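Coordinates in review
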Amino acid sequence: MKKVTNQLVKQQFPAKHFKLLVVGGGAGGLGAASKFARKLPRGSVGIIEPHEDHYYQPGFTLVGGGLMSLKETTRKQEKLIPSGAKWIRNEVVLFTPTQNMVTLDGGEDISYDYMVVAMGAHLRFDKIKGALEALETPGVCSNYSPFHVEKHYREVMNFQGGNAIYTYPNGPIKCAGAPQKACYITDSILRQRGVRENAHMIYATSLDKIFGVENYVKPLEKVAQEKDIDVRTRRNLIEIDTSKNSATFQLLDEDGAATEETEKIEYSLLHIGPPCSAPKALRKSPFADKSGFMDVDDGTLQSNRFPNVFGVGDCMNTPNAKTAASVSSHLKTLDRNLTLAMLGRKPYFKYDGYASCPLVVSKNRVILAEFNSNGPLETTPLNQKKPAYWAFLMKKHLMPALYWNGLIRGYWNGPATIRKFSRLVDSKNRKGIL
Ligand code: FAD
Ligand code: UQ1
């Protein structure tokens, strides 16, 4: 019976044209499709997504630290596609926005009235010489990849001594705090295992400071200092030589430009924070700016060149940090602006630039960084700069629930409303009225 129904659905909604086409079935794509599948007639929304498994990527930090299983972060995509929407299990290889069309791998064309591009950011281990091969050798791992995140935990549990290096790339990266979170959890585990004194822990970053948001720099410097982590700034990992267990860093000048100088460090454990880029099909499309990311209006998230196309998530060139938390606020903006566009009106609702990075600083403490380009944009009246157990509980229990039940189902629009209420009791700047 189910087979017959599926057949009927297929006949009713041929996969050729959609009122709304969503490219990418990650956090942003599913959230967008869910919102509009509820508003539009059945079969009006198509989602193009090549992968069968959907990962809750923010959980990878916990998986790499042995605090969550990979299984808990993984669900089958088919179970997550909103009812009424059609999943096209393929990838876009070509965008032809002048004809409102995309081409799939294999050559099939799909057309649309409106499109949401939600392709995320791609991990570019290939930009570091030898990294792809090195990831298959002992000691080299990355929480960023579902295929190498469990290896990180195994390496930490087997670590006996030597240099443990955590790297941060020179350029865009999703969840910019994740490399240092991995470093801090490792420190906790090594202490618990009684082998910390055999380790020299290095956090090597291309930035000129430990974290890009000023408000959290001092608290994080304190964490790194207390944990005896050797923070080396203006270093960019460019090569891994597994025959010598050697990582080569290019030294950057004070403006972040490459110099001729390099530094080689021998590793026992090397955790790679990969450079990230826009996916290839987007990079070479008319949507991309020079950086390859999708050129959108920072506020409305509408494509700067094609007004029937919007962006959401990590694939855009908006100045926010690339996080799932940002996606929640993108979705709020998209919901209103795409609806306006569909009604023939001009989108005017503005994304507030919100991003958040729960900085896990041990196996049970988190600094809950929340910010936009102007500085902190915190939700709670509590001191979020201080490593806290309540924030850890949020990271471990509340955030996955918000993601699975709220964000990807199009119900979670970010914490802006909670923030307004909590400002009434704002103990931080004493402006609250309660
Ligand atoms: P994604 O969720 O990555 O989805 C993009 C989708 O597009 C993918 O499913 C992909 O298969 C698909 N796609 C790509 N190319 C094509 C194509 N050509 N055709 C069709 N589909 C395509 N965020 C937080 O808020 N808090 C955290 O604590 C946090 N920690 C993180 C830790 C790690 C280790 C990592 C890796 C990320 C973390 N993030 C965190 C970031 C968060 O996971 C991302 O910002 C979020 O997933 C972005 O959503 P997105 O939809 O833009 O991209
Ligand atoms: C958030 O909304 C979100 O997406 C569901 C995350 O990713 C899993 C986060 O890490 C954070 C911090 C938020 C923001 C939510 C609150 C309640 C502060």
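Residues numbered from 1 in each chain as written. Chains lettered and ligands numbered in written order. Predicted model: local features only at pLDDT ≥ 70, side-chain atom pairs only at ≥ 80, totals over all residues. Heavy atoms only, no water.

1. A few points about the packing of aromatic side chains
Summed over the entire model, instances satisfying the criterion amount to nine aromatic pairs. Taken together, a centroid distance of 5.3 Å and an interplanar angle of 75 degrees make the contact between F287 and F306 edge-to-face. Here F306 lies in the loop between α9 (280-283) and β19 (309-311) and F287 lies in the loop between α9 and β19, a separation of 19 residues in the sequence. Judged by relative accessible area, F287 falls into the buried class, the value being 2%. A centroid spacing of 5.3 Å and a plane angle of 90 degrees characterise the contact between Y403 and W404, whose relative ring orientation is edge-to-face. A connected cluster of aromatic rings, assembled from ring pairs, spans Y56, Y403 and W404. When the ring centre of W404 is taken as reference, the NZ or CZ atom of R75 above it lies at 4.0 Å. Across from the ring centre of F349, 4.2 Å away, lies the NZ or CZ of R336, which sits over that ring. (Phe/Tyr/Trp six-rings, centres within 6.5 Å; stacked < 30°, edge-to-face > 60°. Helix = DSSP H or I, 4+ residues; strand = E, 2+ residues; numbered from the N terminus. Buried < 20%, exposed > 50% of the residue type's maximum accessible area, 1.4 Å probe, protein only. Lys NZ or Arg CZ within 6 Å of the ring centre and 35° of its normal.)

2. Some remarks on the site of ligand 2
Y56, S356, P358, E370 and W412 are the nearest of the 14 residues found near ligand 2. Contacts to ligand 2 include W412, whose side-chain N or O atom sits 2.7 Å from an oxygen atom. Across the complex, the protein chains shield 97% of the 440 Å² of accessible surface that ligand 2 would expose by itself. Within the residue set of the shell around ligand 2, elements represented by two or more residues are α10 (324-342), β20 (355-360), β21 (366-372) and α11 (389-407). Of all the elements, α10 adds the most residues to the shell around ligand 2, at three residues. Grouping the amino acids of the shell around ligand 2 by side-chain chemistry returns 10 nonpolar, three polar and one charged. (Near = heavy atom within 4 Å. Polar contact = N/O pair within 3.5 Å; in protein donor to acceptor, adjacent residues only side chain to side chain. Areas by Shrake-Rupley, 256 points an atom, 1.4 Å probe, with all protein chains shown as cover. Nonpolar A, V, L, I, M, F, W, Y, C, P; charged D, E, K, R; others polar.)

3. Examining a positive patch on the surface
On the surface, a cluster of positive charge is made up of K127, K280, R283 and K284. With respect to the helices and strands, the residue R283 is situated in helix α9. R283 gets classed as partly exposed once you look at its relative accessible area, which sits at 32%. (Patch = residues over 30% accessible without salt bridge, like charges linked within 9 Å, V, L, I, M, F, W, Y side chains within 5 Å. Salt bridge = Lys/Arg side-chain N within 4 Å of Asp/Glu carboxyl O. Lys, Arg positive; Asp, Glu negative; His and termini not counted. Charge placed at Lys NZ, Arg CZ, Asp CG, Glu CD.)

4. Side note on the site of ligand 1
Taken together, 36 residues sit near ligand 1, with G28, E49, D314, A325 and K395 positioned nearest. Between ligand 1 and M119, the relevant distance is 3.3 Å, taken from an oxygen atom to a main-chain nitrogen or oxygen of the residue. Contact between ligand 1 and D314: an oxygen atom at 2.8 Å from a main-chain N or O atom of the residue. Secondary structure elements with two or more residues in the shell around ligand 1: α2 (27-39), α3 (60-64), α7 (178-193), α10 and β20. The element best represented in the shell around ligand 1 is α10, accounting for three residues. Within the shell around ligand 1, the residues separate by chemical class into 17 nonpolar, 12 polar and seven charged.

5. Structural notes on the nonpolar core
Ranked by size, the top nonpolar core spans 79 residues in total, and within it F95, M115 and F211 carry the most contacts. Residue contributions to this core peak at seven residues, all from α7. (Core = buried A, V, L, I, M, F, W, Y, C linked by side-chain atoms within 4.5 Å.)

6. Overview of the packing of α2 against α10
At a minimum axis separation of 10 Å, α2 and α10 run at an interaxial angle of 40 degrees. It follows that α2 is oblique to α10 by the angle criterion. Of the two possible hands of crossing, α2 and α10 adopt the one that is right-handed. Contacts from A27, G28, G31, A32, K35, F36 and K39 in α2 reach V327, L331, L334, D335, L338, T339 and M342 in α10. (Axes fitted to C-alpha atoms, helices over the stretch in contact; angles between N-to-C directions. Parallel < 35°, antiparallel > 145°, perpendicular 65-115°, else oblique. Left-handed = near helix turned anticlockwise from the far one by under 90°. Contact = heavy atoms within 4.5 Å.)

7. Looking at the side chain of K151
Mapped onto the fold, K151 is located in helix α6 (residues 149-158). A polar atom in the side chain of K151 sits 2.6 Å from the backbone oxygen of T137. Contacts of K151, omitting those with residues within four sequence positions, involve A134, L135, E136, T137, V140 and C141.

8. Some remarks on the UniProt feature "domain: FAD/NAD(P)-binding" (unreviewed entry) in the chain
In the numbering used here, UniProt assigns the feature "domain: FAD/NAD(P)-binding" (unreviewed entry) to residues 19-133. Measuring from the first to the last C-alpha atom of residues 19-133 gives 43 Å, for a span that is 22% helix and 34% strand. (UniProt positions renumbered as here; feature names shortened; annotations may be inferred.)

9. Examining unusual backbone geometry
Non-glycine residue D228 carries a positive phi angle of around 60 degrees. As for its placement among the helices and strands, D228 is situated in the loop between α8 (217-226) and β13 (230-232).

10. Remarks on the sheet that holds strand β15 (residues 246-252)
Pairing is antiparallel in the open sheet, where three strands are placed in the order β14-β15-β16. Two strands bound the open sheet, and with one partner strand each, they are β14 (235-241) and β16 (258-266). Neighbour to neighbour, the strand axes of the sheet diverge by 25 degrees on average, direction disregarded. In terms of strand pairing, β15 meets β16 through six bridges, oriented antiparallel. Residue pairing across strands places T248 opposite K264, the latter belonging to β16. (Pairing = 2+ DSSP bridges.)

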